[in-house]
Protein chains: 2
Amino acid sequence: MKIKERCVVVIPGWELMSYFSDTTNVCWFLQQDLAEAIKALHREIGNAATEERYIVVGTGSSQLCQAAWFALSSLSEAKPLSIVAAVPYYSTYEEQASYVQSQLYKWEGEARTFNKPGPYIEMVTSPNNPDGTIREPVVNRGGKVIYDLAYYWPHYTPITRRQDQDLMLFTFSKIAGHAGSRIGWALVKDIEVAKKMVQYITINSIGVSKESQIRATTILNELTKTCRIKSESFFEYGYEKIKSRWERLRWVVDKTGDTFTLPNYPQAFCNFFGKNNSTFPAFAWLGCKEENDLERLLKEKKVLTRGGDRCGSDKKYVRVNMIGPNEDFEEFLHRLLTIRNPNCFEP
Amino acid sequence: MKIKERCVVVIPGWELMSYFSDTTNVCWFLQQDLAEAIKALHREIGNAATEERYIVVGTGSSQLCQAAWFALSSLSEAKPLSIVAAVPYYSTYEEQASYVQSQLYKWEGEARTFNKPGPYIEMVTSPNNPDGTIREPVVNRGGKVIYDLAYYWPHYTPITRRQDQDLMLFTFSKIAGHAGSRIGWALVKDIEVAKKMVQYITINSIGVSKESQIRATTILNELTKTCRIKSESFFEYGYEKIKSRWERLRWVVDKTGDTFTLPNYPQAFCNFFGKNNSTFPAFAWLGCKEENDLERLLKEKKVLTRGGDRCGSDKKYVRVNMIGPNEDFEEFLHRLLTIRNPNCFEP
């Protein structure tokens, strides 16, 4: 809101009409200004290498994740290609990998116990959704790795290194919260993978909204320009905001006695902020100490969460959104406070 | 350009941030204003019934087509469900039905010779892409029919009836040409089909760009408001424009002697314009009289087209875009004029 005049987008009626953005680019539907804005932001934050990489824009990183699976499995001799992720994993991977019953790839769940021979894809989500941990591949048998780095921004976690993986996914949704724009991007080293991802998006939706692309451009450019100005930087603001929410959540969990658990995160030196920071994930991986269906129990208290079983984990855990509107978060803390011990769950 | 001030869209930085548009709607990511704009335009043009139907918005009608296949096949007992279309068909259906190698549905091509027993989906594209003909189902064995009505607008073809089919697809791209926005909509009678389509889009891309939705709303509302004002109506303008292009193309084809063929379209009474009109498709289904690979031959003359074989038809036909920029169309006519007889194709 502080820099609102500079984040407005004005689109005349006759602009952005073509399917095409830049026919000389592998990703022919990517607006050139957006590509520049993405590179500038990564350069300034220091969280990912963009040099010698192709940028593929998608309708959110969901579409890009499916585009990446399509690309890697199309280029693989063995089909269906197994897709795995270490538990607890992003709850939507399983649905995304299964809903169209593709013969190209197959969801195989937990990466740690995965022992099928042959090629595979491992999803490495870091910081991890839903539990906020910093992740590395666990299979390590020469398969393909997709790094889902949606939350690798300095308000959520210390930027300890410039990620330079072969296939990295980012999204506009989780930087300043513009989920409604449905803009994600992949940084892809191998041109053949990039081309196949572009093919997927071409067939799936003939490109990506130009309106969203130019709005993302405007806003990303402002985030870049202001990121070192303490009073205007969204990353400073976001860091203080989510840190304070986490502190309050931990206080409430403490107040409820032995009812709930929360993960603890190690401190690390953040290259962007130039100091030691902790991780403050965009969601809380809340557990209860007793064996319980925590999602159901919280629902009875009118708290909507995502059950741990949907993340390949246990029903005694849930994922709670930490980046909703202020009033929702306040109400969540308030309702949580009314649960003082496991017996409160009893009818 | 004449009504340009009224088609501008201004989006403040903090608006349209949520994934959600209307959680009470089956299509929870559909902006309510867009739904109203769609209904108002169909009501004014008289080309489709919107009453007692669910509107599902998509990232172009391509995504909706795949959502519809997912929905109908998920709800069908027999899988894979056959998908057919009468030749010549929209060249992209085959790729869309095949690329992820889904076990839910299978492309079976030409509808006229389709004789597998059991349930099936027939695509009825009317006016047809690529040949502009008005179509009805041809299988007629109780299967599901998807009406792709992208071009059922009065500048392209007489509006002879208010279409009231169970599943109809429309797109923002082909009304005033806003292809870059990637907005399509489905009008769906059966709530179970609508819900499954929404499920597809939820998993595939977690909704549809809000920026594109509000821009489409603004522009569709202007098209509706001005559609009866002769000096401002886009449909009047578009009709005169494409009619004149067709007249000039027919003149050029005539000049080239016995080289090329073009379809002839019957006149019909257009309820919108209140007079007899012909069809003026957005593409020309150009043929050559001799057996030839017309796409290749035209490419040698630097005319890019889509070969008839990609539409399940013969290489002696190509699909030529009729709604590109003025200078492209002029250049196309100019190059076509240089081909006076089939011998010109020889090296």
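Residues numbered from 1 in each chain as written. Chains lettered and ligands numbered in written order. Predicted model: local features only at pLDDT ≥ 70, side-chain atom pairs only at ≥ 80, totals over all residues. Heavy atoms only, no water.

To continue, consider the pairing of strand 7 (residues 167-171) of chain B. Every regular strand shows the same layout, with side chains that alternate between the two sheet faces. Residue and element names in this part refer to chain B. Where burial is concerned, most of strand 7 is hidden: five out of the five residues are buried. Residues Leu167, Leu169 and Thr171 point to one face of strand 7 and Met168 and Phe170 to the other, with burial holding for every one of them. Looking at chain direction, strand 6 (residues 144-148) and strand 7 are connected through two bridges and run parallel. Its bridge partner being in strand 7, Asp148 is matched across the sheet by Leu169. Here five bridges tie strand 7 to strand 8 (residues 183-188), and the two strands are oriented antiparallel to one another. Directly across from Leu169, in strand 8, lies its bridge partner Ala186. (Buried < 20%, exposed > 50% of the residue type's maximum accessible area, 1.4 Å probe, protein only. Helix = DSSP H or I, 4+ residues; strand = E, 2+ residues; numbered from the N terminus. Pairing = 2+ DSSP bridges.)

This part covers the state of the cysteines. Residues and elements named next belong to chain B. Scanning the model with the defined rule gives zero disulfides over all chains in all. The cysteine Cys7 is free of any disulfide, with Cys227 supplying the nearest cysteine sulfur at 13 Å. Of the cysteine sulfurs around Cys311, a residue in no disulfide, the closest is that of Cys288, at 15 Å. Overall, Cys311 belongs to the buried group, its relative accessible area being 1%. (Disulfide = S-S within 2.5 Å.)

The next subject is a nonpolar patch on the surface. Nonpolar side chains collect at one region of the surface, where Val8 and Val10 of chain A together with Val8 and Val10 of chain B lie side by side and expose about 280 Å² of accessible area between them. With respect to the secondary-structure elements, Val8 of chain B resides in the segment before strand 1 (9-11). (Patch = residues over 30% accessible without salt bridge, like charges linked within 9 Å, V, L, I, M, F, W, Y side chains within 5 Å. Areas by Shrake-Rupley, 256 points an atom, 1.4 Å probe, with all protein chains shown as cover. Salt bridge = Lys/Arg side-chain N within 4 Å of Asp/Glu carboxyl O.)

Within this numbering scheme, the UniProt entry marks residues 2-338 of chain A as carrying the feature "domain: Alliinase C-terminal" (unreviewed entry). With 32% helix and 19% strand, residues 2-338 of chain A has end C-alpha atoms that lie 36 Å from one another. (UniProt positions renumbered as here; feature names shortened; annotations may be inferred.)

For the rest of this paragraph, the subject is the packing of aromatic side chains. All names here are of chain A. Applying the stated criterion across every chain, the model contains 46 aromatic pairs over all chains. Plain terms: the ring middles of Phe234 and Tyr237 are 5.8 Å apart, the flat faces sit at 50° to each other, and that makes the pair tilted. Taken as a pair, Phe234 and Tyr237 lie in helix 6 (residues 234-255) at a separation of three residues, close to a single helical turn. On the basis of relative accessible area, Tyr237 is assigned to the partly exposed category, the value being 49%. (Phe/Tyr/Trp six-rings, centres within 6.5 Å; stacked < 30°, edge-to-face > 60°.)

Now for the relation of the copies chain B and chain A. Between chain B and chain A, the superposition needs a rotation of 180° and an axial shift of 0.0 Å, giving an RMSD of 0.0 Å. One copy is carried onto the other by what is essentially a two-fold rotation axis. The fraction of interface residues of chain B whose copies in chain A are also interface residues reaches 100%, indicating that both copies meet through the same surface. (Least-squares fit on C-alpha atoms with pLDDT ≥ 70 in both. Contact = heavy atoms within 4.5 Å.)

Turning our attention to the sheet that holds strand 12 (residues 283-288) of chain B. Residue and element names in this part refer to chain B. Taken in spatial order, the four strands line up as 9-12-14-13 in an open sheet, and their pairing is antiparallel. One side of each edge strand has no neighbouring strand; the edge strands of this open sheet are strand 9 (260-261) and strand 13 (306-307). Pairing analysis gives five bridges linking strand 12 to strand 14 (residues 317-321), with the strands arranged antiparallel. Residue Ala284 lies in a different strand from strand 14, and its bridge partner there is Val320.

Helix 4 (residues 191-205) of chain B packs onto helix 2 (residues 60-74) of chain A with a crossing angle of 80° between their chain directions and a minimal axis gap of 6 Å. What the angle tells us is that helix 2 of chain A and helix 4 of chain B run roughly perpendicular. Here Ser62, Gln63 and Gln66 of chain A of helix 2 of chain A come into contact with helix 4 of chain B, specifically with Ile203, Asn204 and Ser205 of chain B. Residue composition of the contact of helix 2 of chain A with helix 4 of chain B, grouped by class: one nonpolar, five polar and no charged. (Axes fitted to C-alpha atoms, helices over the stretch in contact; angles between N-to-C directions. Parallel < 35°, antiparallel > 145°, perpendicular 65-115°, else oblique. Nonpolar A, V, L, I, M, F, W, Y, C, P; charged D, E, K, R; others polar.)

The periodicity of an α-helix, 3.6 residues per turn, causes residues three or four positions apart to be oriented the same way. Residues and elements named next belong to chain A. An ideal rise of 1.5 Å per residue puts 32 Å on 22 residues; helix 6 measures up with 31 Å between its terminal C-alpha atoms. Among all positions of helix 6, only Phe235, Glu236, Gly238, Tyr239, Ile242, Arg245, Trp246, Leu249, Val252 and Val253 are buried. The elements touched by buried residues of helix 6 are helix 1 (32-45), helix 5 (210-226), strand 9 (260-261), strand 11 (275-277), strand 12 (283-288) and helix 8 (326-337). N-cap assignment for helix 6: the residue whose side-chain oxygen lies 3.2 Å from the backbone N of Phe235 is Ser233. Gly257, located one to two residues past helix 6, shows a positive phi value of around 70°. (Expected span 1.5 Å × (residues − 1). Polar contact = N/O pair within 3.5 Å; in protein donor to acceptor, adjacent residues only side chain to side chain.)

Residue and element names in this part refer to chain A. Domain annotation for chain A reports domain 1 (18-226) and domain 2 (234-345). Put simply, the middle of domain 1 and the middle of domain 2, counted by C-alpha atoms, are 26 Å apart. Across the boundary between the two partners, domain 1 contributes 30 residues, which contact 28 residues of domain 2. When domain 1 packs against domain 2, the two sides together hide about 2,300 Å² of surface, and 65% of this comes from carbon and sulfur. By the criterion of area lost to domain 2, the three top residues of domain 1 are His155, Tyr156 and Pro158, representing 25% of everything that side buries. (Domains from an automatic or database assignment. Buried area = accessible area lost by both parts, 1.4 Å probe.)

Contacts between the two partners involve 51 residues from chain B, matched on the other side by 51 residues from chain A. Regarding the contact of chain B and chain A, the summed buried area is about 4,400 Å², with carbon and sulfur atoms giving 56% of it. Ranking the residues of chain B by area buried against chain A places Tyr99, Ile203 and Arg215 of chain B at the top, with a combined share of 15%. Linking chain B to chain A there are two salt bridges.

Time to look at the pattern of salt bridges. Residue and element names in this part refer to chain B. In total, this model carries 36 salt bridges over all chains according to the counting rule given. Arg162 is the salt-bridge partner of Glu51, the closest N and O atoms lying 2.5 Å from each other. Highlighted residues: Glu51 in the loop between helix 1 (32-45) and strand 2 (54-59) and Arg162 in the loop between strand 6 and strand 7, separated in sequence by 111 residues. On the basis of relative accessibility, which here comes to 40%, the residue Glu51 falls in the partly exposed class. The salt bridge involving Asp258 is made with Lys289; its shortest N-O contact spans 3.2 Å.

Residues and elements named next belong to chain A. Relative to the assigned elements, Thr133 resides in the loop between strand 5 (120-125) and strand 6 (144-148). A residue is classified by how much of its surface remains accessible, and Thr133, at 28% relative accessible area, is partly exposed. C-alpha of Thr133 to C-alpha of Asn264: the two residues are 131 residues apart in sequence and 9.3 Å apart in space. If sequence neighbours within four positions are ignored, Thr133 has contacts with Thr125, Ser126, Pro127, Asn128 and Tyr265.

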